[in-house]
Amino acid sequence: MEPRLEPGLVRQLRDRISDTETRWLCQHRIIIALRSRWTFHSILRGWLCLCVIALFPATTAAAQTVTTYSNSSTIAIPDNACPATVNRTFSVGTSYLVSDVDIGVLLDHSYRRDLEISLTSPSGTVVTLMDYVGGSANNLNVKFDDEATGGSITSHSSNDPLTPAYNSTKVPQNSLSAFDGENAQGTWTLKICDQQGVDTGSFRRADLYIAQLPPFADLSLTNSFGATSSNSGKYTLSVTNA
């Protein structure tokens, strides 16, 4: 049997084990478990406390690193041109895992409902930010964020001012969490197309915000027991960084 710790559990333990008092509690838990002949899992929990202390001596939770990638190359959006798109790209040169993605989009365009806008990751995952929403409102000046408190883009029906950039935050039509866990390295592509005639506009700028997943240990633990389950005996635990 080879139990495996989920990365989320390891991070929780790492963040909570932050002082000598907690270290003592871990050790005390093991002693009580052995003397009371508790189950293997009870003893295991105590050992895991000590293992995480050893692997993460810094005691401070790692903060997420957010990197911004910008594109301010203006271009007119061809009228009634779908499925042809205006593409604006963001180049990520570093390899790391994504924990969160937001994107700000600024463009001028009458009758915003004409537009379909999506974001494609280097892995080929496509998230539709908005499609045929906004009614007769003009312009788009929004930061798309799954955790936005400004409501959904689908219910945003007022005109957007063009300054300051990203005047409001909105939840996108489809969730940006589809990118979580992917490798950020490569080319990200913002695609915009106009689905109806008459009303026109242009792309002004966009900023892609990518949060890096903090490093964590992926622990593998093996065990053996040298006596019957009803008697006290010797446990052998082996922890490795898988």
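Use the structure listed above.
Note that the structure is predicted; figures quoted are calculated from it, not measured.

(A) A look at the sheet that holds strand β9 (residues 186–194). One open sheet holds the 4 strands; their spatial order is β3-β9-β5-β6, and the pairing between them is antiparallel. Looking along the sheet, the strands with just one partner apiece sit at the ends: β3 (86–92) and β6 (126–131). If you compare each strand with its neighbour and ignore which way they point, the axes differ by 15° on average. Across 7 bridges, the pairing between β3 and β9 is antiparallel. Across the sheet, residue arginine 88 finds its bridge partner in β9, namely leucine 190.

(B) Layout of the side chain of threonine 189. Structurally, the position occupied by threonine 189 is in strand β9. Note on threonine 189: relative accessible area 15%, which makes it buried. Sequence-distant contacts of threonine 189, defined by excluding residues within four places in its chain, comprise Asn87, Arg88, Thr89, Ser118, Leu119 and Thr120.

(C) Structural context of the nonpolar core. Of all hydrophobic cores here, the largest spans 31 residues; its most connected members are Phe144, Trp188, Leu190 and Ile210. Only β3, β4 (98–109), β5 (115–120), β6, β7 (140–144), β9 and β10 (201–212) provide two or more residues apiece to this core. Residues in contact with leucine 190, not counting those within four places in the same chain, are Val86, Asn87, Arg88, Phe90, Ile103, Val105, Ile117, Ser118, Leu119, Leu129, Phe203 and Ala206.

(D) Expanded view of the packing of aromatic side chains. Per the counting criterion, the structure on display carries 1 aromatic pair. The aromatic ring of tyrosine 209 is capped on one face by lysine 143, whose charged end is 4.4 Å from the ring centroid.

(E) Structural view of the pairing of β9. In the sheet, β5 pairs with β9 via 6 bridges, with the strands oriented antiparallel. Bridged to leucine 115 within β9 is aspartate 194.

Cut-off values and rules
- Residues numbered from 1 in each chain as written.
- Predicted model: local features only at pLDDT ≥ 70, side-chain atom pairs only at ≥ 80, totals over all residues.
- Heavy atoms only, no water.
- Pairing = 2+ DSSP bridges.
- Helix = DSSP H or I, 4+ residues; strand = E, 2+ residues; numbered from the N terminus.
- Axes fitted to C-alpha atoms, helices over the stretch in contact; angles between N-to-C directions.
- Buried < 20%, exposed > 50% of the residue type's maximum accessible area, 1.4 Å probe, protein only.
- Contact = heavy atoms within 4.5 Å.
- Core = buried A, V, L, I, M, F, W, Y, C linked by side-chain atoms within 4.5 Å.
- Phe/Tyr/Trp six-rings, centres within 6.5 Å; stacked < 30°, edge-to-face > 60°.
- Lys NZ or Arg CZ within 6 Å of the ring centre and 35° of its normal.

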